[in-house]
Each structure stands twice: as C-alpha cells, then as structure tokens.
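# A closer look at the structure
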Amino acid sequence: MKQSTERFDPERDNRLTEFTDQVMEGKMEQPDSNADDELLGLEKTILRLNHFLPPVSLDESAIKQMQVRLNARMRREVRESRAPFWKKWFSYPARPQLLAGVVTAGLLILLVVFLPLSAGDGSTAGAALKPIGSTVLVAAVVAGVLYIFWIMRRK
Amino acid sequence: MENISKTTIEDTSDEILIRQYRDGSAAAFDALYHRHLPNVYKRVRYVIPEGDVEDVTQEIFIAVLRSLSSFRGEAQFGTWLRTLTNHKVAEFYRKRTRKQEPLLAPLSDASGKTTGNTPTAMEERMFIQGALQKLPENYREIILLRFAEEMQFNEIADLTQQNLEATKSLFRRAISALRSHLDEQL
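Cut-offs and rules
Residues numbered from 1 in each chain as written. Chains lettered and ligands numbered in written order. Predicted model: local features only at pLDDT ≥ 70, side-chain atom pairs only at ≥ 80, totals over all residues. Heavy atoms only, no water. Helix = DSSP H or I, 4+ residues; strand = E, 2+ residues; numbered from the N terminus. Buried < 20%, exposed > 50% of the residue type's maximum accessible area, 1.4 Å probe, protein only. Contact = heavy atoms within 4.5 Å. Areas by Shrake-Rupley, 256 points an atom, 1.4 Å probe, with all protein chains shown as cover. Salt bridge = Lys/Arg side-chain N within 4 Å of Asp/Glu carboxyl O. Polar contact = N/O pair within 3.5 Å; in protein donor to acceptor, adjacent residues only side chain to side chain. Nonpolar A, V, L, I, M, F, W, Y, C, P; charged D, E, K, R; others polar. Domains from an automatic or database assignment. Buried area = accessible area lost by both parts, 1.4 Å probe. Axes fitted to C-alpha atoms, helices over the stretch in contact; angles between N-to-C directions. Core = buried A, V, L, I, M, F, W, Y, C linked by side-chain atoms within 4.5 Å. Patch = residues over 30% accessible without salt bridge, like charges linked within 9 Å, V, L, I, M, F, W, Y side chains within 5 Å.

## Observations concerning the overall build of chain B
The helix and strand tally for chain B stands at nine helices and zero strands. For chain B, the sequential pattern of α-helices and β-strands runs α-α-α-α-α-α-α-α-α. Looking at the 186 residues of chain B, the share that counts as buried comes to 52%. Of the contacts formed within chain B by residues at least 6 apart in sequence, a portion of 59% connects residues at least 24 apart. Roughly 9200 Å² of accessible area belongs to chain B as shown, and the carbon and sulfur atoms make up 49% of that amount.

So this is what it looks like as structure tokens:
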C-alpha cells in the first residue's frame with residue numbers, strides 16, 4: 001500500500017486533488033465510496049485535516065486590534081532597548097545564565113580569598129580569622145548552590 | 001511620505017511599499033501588515049497551538065520590521081515572508097522542546113474560534129500539528145498552501161514554478177506521509 005503512493009499515478013493525483021477541492025468548498029463531507037483502500041485512507045486524512053483545522057479568516061476589526069497590539073509591543077521594545085546596558089544584561093528573564101555566572105565567579109573569588117585563611121599555616125597568627133573564614137566560605141558555597149539550583153528549576 | 005492616500009496604498013506593490021517604509025513611511029508598513037497579516041495568521045494558526053498564535057504572528061512582523069532594511073528583493077516579499085514565518089514556527093518548537101513543555105496546551109487555551117473547542121478536539125488539533133511538523137519541508141509547505149492559505153493547485157504550481165501534474169503528485173505524497181505520521185503516533 002505504501003509503495004503505490006510513491007509511484008507516478010496521475011489518476012490518483014487527480015482524484016485526490018479534486019476530492020480536496022470539493023472538501024474545501026464544503027461540497028464533500030464523506031470519503032468517496034468508489035475509492036480504493038489507499039485513496040480512501042488519504043481522503044479520510046483530508047477530511048480530518050479540514051474538520052480539525054478548518055480555514056479561518058480574520059475580519060477587519062481583528063486585524064486592527066492586532067495592529068494596535070503590535071504597535072504597543074514595538075513601542076515597549078524600543079523603550080526597553082534604550083535602558084542602560086547593564087540593566088538589560090543582568091535582568092533575570094533576559095540573561096539568567098549570565099547572572100548565575102557572575103554569582104559563581106563571586107563565589108570563586110571568595111574561595112581564593114578565604115581558603116588560605118581557613119587552611120592556615122599552623123601558626124597562631126590570624127587564628128581568630130579561621131572560624132569566620134570557614135563560616136563565610138561554607139555559607140557562600142551553600143548560597144551559591146541553592147541559587148544555581150533555583151535558577152535551574154525556574155528554567 | 002505619510003500622506004499617501006488609502007487608495008494609492010492599496011494599489012501599490014509590496015516592493016514600492018518597502019521602499020517607502022525605508023524612506024520613513026510608517027503608513028507603508030501598516031499597509032504591508034494589513035495586506036499580509038491574514039495569510040501569515042492562517043499559516044501560523046495551522047501549525048501552532050491556539051494560545052500562542054497571536055504571539056508568534058506578532059514576532060514574525062517584529063522580525064519583518066527589523067529585517068526590512070536589509071531586504072534585497074531577490075525573492076518576492078510574499079515568498080520571503082513565508083520563509084520567515086517557517087523559521088519562526090521552527091524556533092517556537094525548538095524553544096518548546098528545550099523547555100520540555102508538554103505537547104498538549106493547557107485547557108485555558110480552549111478559547112479558540114475553530115471547530116470544536118472540547119479538550120478532545122484541541123488534543124486532536126495539536127496531534128495533527130505535531131505530525132505536520134515532522135513532515136519534510138516541501139510536503140508541509142504544499143499542505144499549508146492548500147489548506148491554510150487556501151490556494152488552488154494551479155496557483156501553487158505557479159508559485160512553486162512546477163507544472164500542475166508535479167504539484168498534484170507532490171500533494172498526494174504529502175498527504176500520504178502525513179497519514180503515515182498520524183498512524184504512527186496512534
């Protein structure tokens with residue numbers, strides 16, 4: 001059945017296109033009873049298409065309403081395009097990845113700054129900083145992980 | 001340029017309107033929009049779920065506005081617009097796949113003007129739209145030209161610069177492929 005649809009068959013082509021024309025003109029609502037199995041299947045597909053996705057037309061008022069909404073959207077986009085670049089870059093919906101990247105970079109800097117302090121060198125010098133450094137480090141890492149997790153969930 | 005009369009605009013070709021738009025006439029773009037919106041809308045509505053049709057249609061015309069200055073007129077404006085529409089539809093489905101949204105629209109989308117707004121009819125529509133997206137481009141295109149844009153087969157043959165027999169043959173093969181996809185998805 002599938003093979004015959006691939007071969008050159010002007011008669012079938014004509015019958016199917018004539019059937020389609022009639023369906024589109026609303027003159028045919030049932031498959032042609034004289035059709036063979038293959039053609040019958042194709043005709044049913046045509047009827048299904050026409051039934052579930054019938055042609056539509058936009059009236060004048062709908063066109064005007066859409067035009068008004070398009071103009072409003074264009075004005076909004078022009079306004080937004082004039083916003084400072086940093087605002088556009090870092091606004092959450094626009095660049096969530098960039099924002100996440102900046103946060104990650106910040107965490108790395110914290111690591112670089114606080115890791116030597118928390119690791120220490122065995123001396124008592126700066127010992128007071130150890131617990132503070134570790135706490136900040138742990139808090140920053142946890143906050144960063146939570147933030148990235150939140151970003152992933154929002155996406 | 002803004003004082004182009006309505007009757008003049010209606011008789012003006014796309015190419016001249018584009019030139020007028022480039023020269024600063026907003027009215028020329030409005031005329032282009034008015035002229036081409038119905039076909040773009042019909043085409044989008046045929047392949048995009050009801051709730052997103054207007055949004056995608058508007059995005060297409062925003063893209064037109066942004067690209068008109070670089071439109072070189074190598075193809076007819078209508079043909080160029082169809083290609084742009086197809087790209088935007090493909091982009092819609094790419095984004096949708098990335099977001100892993102379900103194929104079925106929420107029931108709140110069931111405010112369409114089409115035949116049958118029951119959830120079953122909507123599911124069926126989206127099922128067919130999904131199958132259409134899986135077709136090769138030339139198959140999908142001929143179905144859209146005939147059903148969405150309601151072009152006659154001889155007009156499609158002229159547009160695609162094929163003879164009528166080849167056009168009809170392509171149509172039958174396209175419907176056959178669509179049928180196979182619909183059967184596969186069952």
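## Points about the interface of chain A and chain B
Each partner contributes to the interface: chain A provides 40 residues, whereas chain B provides 46 residues. Taken together, the links from chain A to chain B amount to eight salt bridges. Taking the shortest distance from any N to any O, the salt bridge between A:Arg73 and B:Glu59 comes out at 3.5 Å. In this structure, the connection of chain A to chain B is made through twelve residue pairs in polar contact (both at pLDDT 80 or more). Secondary structure elements with two or more residues in the side of chain A that touches chain B: helix H1 (2–6), helix H2 (10–24), helix H3 (37–52) and helix H4 (60–81) of chain A. Here the residues of the side of chain A that touches chain B sort into 17 nonpolar, ten polar and 13 charged.

## Structural notes on the domain arrangement of chain B
Residue and element names in this part refer to chain B. Domain assignment breaks chain B into domain 1 (1–103) and domain 2 (116–186). Counting from both sides, the interface comprises 15 residues of domain 1 and, opposite them, 16 residues of domain 2. Of the roughly 1500 Å² buried at the junction of domain 1 and domain 2 (both faces included), carbon and sulfur atoms supply 53%. Taken together, the connections running from domain 1 to domain 2 amount to four salt bridges. A salt bridge links Arg 82 to Glu 149; the shortest N-O distance between them is 3.0 Å. Our count for the domain 1 to domain 2 interface comes out at eight residue pairs in polar contact (both at pLDDT 80 or more).

## Here we look at the pattern of salt bridges
Summed over the entire model, instances satisfying the criterion amount to 22 salt bridges over all chains. Between A:Arg48 and B:Glu124 there is a salt bridge, with its nearest N and O atoms 2.5 Å apart. Taken together, the residues A:Arg48 in helix H3 and B:Glu124 in helix H6 (residues 119–133) connect one chain to another.

## Structural notes on the packing of helix H2 (residues 14–22) of chain B against helix H3 (residues 26–47) of chain B
Residues and elements named next belong to chain B. At a closest axis distance of 8 Å, the pairing of H2 and H3 adopts a crossing angle of 145°. Residues Asp 14, Leu 17, Ile 18, Gln 20 and Tyr 21 of H2 form the contact with H3, whose participating residues are Ala 28, Phe 29, Ala 31, Leu 32, Arg 35 and His 36. A class-by-class count of the residues in the contact of H2 with H3 yields seven nonpolar, two polar and two charged.

## Notes on the nonpolar core
Formed by 72 residues in total, the largest nonpolar core has its most connected members in A:Leu49, B:Tyr46, B:Ile48, B:Leu132, B:Ile143, B:Phe147 and B:Ile175. Ranked by the residues each element gives to this core, the list is headed by H3(B), at eleven residues. Split by domain, this core shows at least three residues from each of two domains, domain 1 (1–103) and domain 2 (116–186) of chain B. With near-sequence residues (within four places) excluded, A:Leu49 lies in contact with A:Pro54, B:Tyr46, B:Ile128, B:Ile143, B:Phe147, B:Ile175 and B:Leu178.

## Comments concerning the environment of B:Gln20
All names here are of chain B. Within the element layout of this structure, Gln 20 appears in helix H2. Taking relative accessible area as the criterion, Gln 20 reaches 15% and is therefore assigned buried. When the C-alpha positions of Gln 20 and Asp 55 are compared, they lie 27 Å apart, and in sequence the two are 35 residues distant.

## Some details on unusual backbone geometry
All names here are of chain B. Unusually for a residue other than glycine, Glu 150 sits at a positive phi of about 55°. Position of Glu 150 among the secondary structure elements: in the loop between helix H7 (137–148) and helix H8 (153–160). Of the residues examined, Glu 150 reaches a relative accessible area of 33% and is grouped as partly exposed. Positioned with a positive phi, Gln 161 is a non-glycine residue whose angle comes to about 55°. By the element assignment, Gln 161 lies in the loop between H8 and helix H9 (164–185). When its relative accessible area of 74% is taken as the criterion, Gln 161 is described as exposed.

## As for a nonpolar patch on the surface
On the surface, A:Val138, A:Val142 and A:Leu146 cluster together into a nonpolar patch covering about 270 Å² of accessible area. Overall, the relative accessible area of 52% leaves A:Leu146 in the exposed class.

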